[in-house]
Amino acid sequence: MKLTKKETSALMSIPYKRVVKISKEYGIKFIDGGQRSDEPRRQAGIGPKPTSTINHDRDRKETKPAQPTAAIREPVRIRRDTSKGHYKRKLKKRLRDILHSDLDRSVKHELVYAAKWQEHQRSIKNKTKVGGAL
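Worth saying up front: this structure is predicted, and the values here are computed from it rather than measured.

Engineer: Tell me about the packing of helix α1 (residues 5-12) against helix α2 (residues 16-26), and please be specific about residues and values.
Structural biologist: Put simply, α1 and α2 touch, their axes get as near as 9 Å, and they point 115 degrees apart. Compared by their axis directions, α1 and α2 come out roughly perpendicular. Once α1 is placed against α2, the crossing between them reads as right-handed. On α2, the residues that touch Lys 5, Lys 6 and Ser 9 of α1 are Tyr 16, Val 19, Val 20 and Ser 23.

Shown next, in the form of structure tokens:
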């Protein structure tokens, strides 16, 4: 009936020690809790596996796909200005955009100060070779 010793003792109303003694005396085998919990996996494991790696796909034959694959394109490379004047040109454009915007004078002042401070930090980083987020 695929019962454990404890289940059998409860079902038959016999003390557990008595069930153990009788099972040893008559050679009756019971399943334990580990076997019961492993039973579904064991049942699922019977038979060939669809993804078996026993033969390491040695007898697999290469078949050509029904449709040809798309032409392989080289990845698009983004060209960046790596010259030393790049950041200066970028800062000039940024300052020009800030000054020509329709913002209040105090907001423009803060944005210009922030841009110049960021450029200052970047120059310090480049001079001292210290890492940072800028």
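So that's the structure; there's more coming.
Engineer: Describe helix α5 (residues 105-128), listing the residues and the values that go with them.
Structural biologist: Helix length check: α5, at 24 residues, gives a terminal C-alpha distance of 35 Å against a target of 34 Å (1.5 Å per residue), a fit within 8%. Every buried residue of α5 is listed here: Lys 108, Val 112, Ala 115, Glu 119 and Arg 122. Buried residues along α5 sit against α4 (86-99).

Scoring rules and cut-offs
Sequence order sets the numbering: in each chain, residues are counted from 1 along the sequence as written. Two thresholds apply to this predicted model, a pLDDT of at least 70 for residue-level local features and 80 or more for giving and counting side-chain atom pairs, whereas whole-chain, interface and lining totals are computed over all residues. The side-chain figures draw on all heavy atoms in the structure; neither hydrogens nor water molecules are used. An axis is simply a line fitted to the C-alpha atoms; with a helix, the fit covers only the stretch in contact. Between two such axes, the angle follows the N-to-C directions and lies from 0 to 180 degrees. Strands are runs of DSSP state E lasting at least 2 residues, helices are runs of H or I lasting at least 4, and numbering of each runs from the N terminus. Angle categories: roughly parallel below 35 degrees, roughly antiparallel above 145, roughly perpendicular from 65 to 115, and oblique for all the rest. If you view the pair so one helix is near and one far, a crossing is left-handed when the near helix is turned anticlockwise from the far one by less than a right angle, and right-handed when it is turned clockwise. Residue contacts are defined here by distance: any two heavy atoms, one from each residue, within 4.5 Å place the two residues in contact. Residue count minus one, scaled by 1.5 Å, sets the expected span of a helix. Each residue gets one of three labels from its accessible area relative to the maximum for its type: buried under 20%, exposed over 50%, partly exposed in between, using a 1.4 Å probe on protein chains only.

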